[in-house]
Number of protein chains: 2
Amino acid sequence: MPRVVVAETRRQDVAQAVLRIVGREGLESASLRNVAQEAGLVIGSVRHYFASHTELMIFTMEELRRRIDGRIRSHAEQLLDPDAGIDRRARTEELFAEFLPLDETRREEAVVWLAFVTAARTRPEFRPCARRMHEEARELIGRVLLEAQRSGGIPGDLDIALETQRLAALLDGLTLGGVLHPDLMPPEDARAILHRHLRALAAGQEPA
Amino acid sequence: MPRVVVAETRRQDVAQAVLRIVGREGLESASLRNVAQEAGLVIGSVRHYFASHTELMIFTMEELRRRIDGRIRSHAEQLLDPDAGIDRRARTEELFAEFLPLDETRREEAVVWLAFVTAARTRPEFRPCARRMHEEARELIGRVLLEAQRSGGIPGDLDIALETQRLAALLDGLTLGGVLHPDLMPPEDARAILHRHLRALAAGQEPA
DNA sequence: GTTGTTATAGCACGGGCTTGCTAAATTAAT
DNA sequence: ATTAATTTAGCAAGCCCGTGCTATAACAAC
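Everything quoted here is computed from the prediction, not taken from an experiment. (Residues numbered from 1 in each chain as written. Chains lettered and ligands numbered in written order. Predicted model: local features only at pLDDT ≥ 70, side-chain atom pairs only at ≥ 80, totals over all residues. Heavy atoms only, no water.)

Colleague: Let's hear about the relation of the copies chain A and chain B: which residues, and what values?
Modeller: At an RMSD of 0.0 Å, chain A and chain B line up after a rotation of 180° and a shift of 0.0 Å along the axis. The superposition operator between the copies reduces to a two-fold rotation axis. (Least-squares fit on C-alpha atoms with pLDDT ≥ 70 in both.)

Next comes the structure, spelled out in structure tokens:
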């Protein structure tokens, strides 16, 4: 009886509209009105797919998380699963580079990511997703570093837990710079800094 | 003829109220109504000292910048001006630690700082101040690293411009973590990571 | 005390927001 | 063609917002 049900696709379309608005004008502009207009719908239609504004925002944030996670995890499987090729170093750097806003796609994601995670500080409904992104990123970084240590890519006496936090913080800081001051932190610079950091890790020095 | 004029003090009181609200509930809660109540005034009074809501927010952001800048610069003069004592290493670390949310005061400042600088991306009126904070921080960090290199604290073959950006990004990332996930990035951890980074810098390795 | 400036108080307007609601249009199955 | 569900459309209520006003209170100089 019903019309062809493409509900989940519809929801993703609306979430996509939210992401565009947040990237362009910020979270505070993502009202139901603006979102509906951006998606080419009316408020009522949007509300038919999302019970409330809050639910829409949470869904959108989860959609963003899934997108980023998928992009990064495809790199990770490639690097961690097989015995991997010879250029582990280069591929490891590529993996970490996925966290940085080096092209337009990643930049837009980074912009919206920053908007959501900072909003999570005062909006409890965003906290679970924000926390999950934070933890999953660190867990992945930690796994890669541990694997690098096991395979001799970095010295065995390094404190992996600490180095994980240090690298994760560096990536966050580079992302922040790329998002807020793109002219002072262009992609090439971010890349060079990441490259330098990984070289320093590989060279290693006494941990204490 | 006028009542005793304490206008500038009054303005700072109101700005202080804004800072409290932003720290507690976020930028979006800093409406004239809420600010007036927090400051124990009426809307009309607040508007008597600030022509518009925008002017109030800009003044508050500048006030925050002055506060952070003063705190950090007092450390800097102590370290850069005289020939300085023997423990340059420790004092340098102390200086950089001023950027991190290691105690309640610095944490509150960091929270509000993050709110303002991220808002600056979509609010042009905040950009000048945000940019100034960013540039002044990097300039100071660069000066300290250069001085450390000159005095032999860190190897002479390091690329100071690059290391400045790397350290600045690390500090930003640690601050972000401390603000958004204080339980996963407690002050001790942030300190330890900073310590580790500076040790690594001092040990140095080939720059390429 | 009178005067003139500053400070406080508060009302009213216009606008944007979310949400609850009803009514119409659309469409697949019967 | 009829039916019944989904989808779209849109109105009205209630809230908070910034701003433009006017009126009152406080106080230093004369």
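Colleague: Report on the confidence of the model for chain A, specifying residues and quantitative values.
Modeller: All names here are of chain A. Counting all residues, the mean pLDDT for chain A is 91, and 92% of those residues have values of 70 or more. The secondary-structure element of chain A with the lowest mean pLDDT is helix α1 (residues 7-25), recorded at 90, while helix α8 (residues 160-180) shows the highest, at 98. A low-confidence stretch, residues 1-5 (pLDDT under 50), is modelled with zero contacts involving residues beyond four sequence positions or located in other chains. (pLDDT = per-residue confidence, 0-100. Helix = DSSP H or I, 4+ residues; strand = E, 2+ residues; numbered from the N terminus. Contact = heavy atoms within 4.5 Å.)

Colleague: How would you sum up the packing of helix α6 (residues 104-119) of chain A against α8(A)? Please name residues and give values.
Modeller: Residues and elements named next belong to chain A. Between α6 and α8, the least distance of the axes is 10 Å, while the angle of their chain directions is 100°. On the basis of the axis angle, α6 is roughly perpendicular to α8. Across the interface between the two elements, Arg 107, Ala 110, Val 111, Trp 113 and Leu 114 from α6 touch Asp 172, Thr 175, Leu 176, Gly 178, Val 179 and Leu 180 from α8. (Axes fitted to C-alpha atoms, helices over the stretch in contact; angles between N-to-C directions. Parallel < 35°, antiparallel > 145°, perpendicular 65-115°, else oblique.)

Colleague: Outline the interface of chain A and chain B, supporting the account with residue identities and numerical values.
Modeller: Residue-level contacts link 47 residues of chain A with 47 residues of chain B. In total, about 4,000 Å² of surface goes out of reach between chain A and chain B, with carbon and sulfur atoms giving 57% of it. For the pair chain A and chain B, the number of links is four salt bridges. Residues Asp183(B) and Arg131(A) are paired through a salt bridge, measuring 2.3 Å at the closest nitrogen-oxygen approach. Counting across the chain A and chain B interface gives 14 residue pairs in polar contact (both at pLDDT 80 or more). The greatest single-element share of the side of chain A that touches chain B, amounting to 12 residues, is contributed by α8(A). (Buried area = accessible area lost by both parts, 1.4 Å probe. Salt bridge = Lys/Arg side-chain N within 4 Å of Asp/Glu carboxyl O. Polar contact = N/O pair within 3.5 Å; in protein donor to acceptor, adjacent residues only side chain to side chain.)

Colleague: Describe the layout of surface pockets, with residues and values.
Modeller: Here the largest pocket defines a volume of roughly 660 Å³. The wall of the largest pocket is formed by 31 residues, among which Leu27(A), Glu28(A), Leu27(B), Glu28(B) and Ala119(B) lie closest to the centre. Contributing elements (two or more residues each) for the lining of the largest pocket: α4 (53-80), α6 and α8 of chain A together with α4 (53-80), α6 (104-119) and α8 (160-180) of chain B. Here the lining of the largest pocket is built from residues that sort into 17 nonpolar, eight polar and six charged. (1 Å grid on protein atoms, 1.4 Å probe; cavity = no way out; pocket = protein on both sides within 12 Å on 5 of 7 lines; lining within 4 Å. Points joined across faces, edges and corners; volume = space filled by probe spheres on them. Nonpolar A, V, L, I, M, F, W, Y, C, P; charged D, E, K, R; others polar.)

Colleague: Any details on helix α5 (residues 88-97) of chain A? Residues and values, ideally.
Modeller: Of the positions making up α5(A), those classed as buried are Thr92(A), Glu93(A), Leu95(A), Phe96(A) and Ala97(A). Contacts from the buried residues of α5(A) go to α4, α6, α7 (127-150), α8 and α9 (187-203) of chain A. (Buried < 20%, exposed > 50% of the residue type's maximum accessible area, 1.4 Å probe, protein only.)

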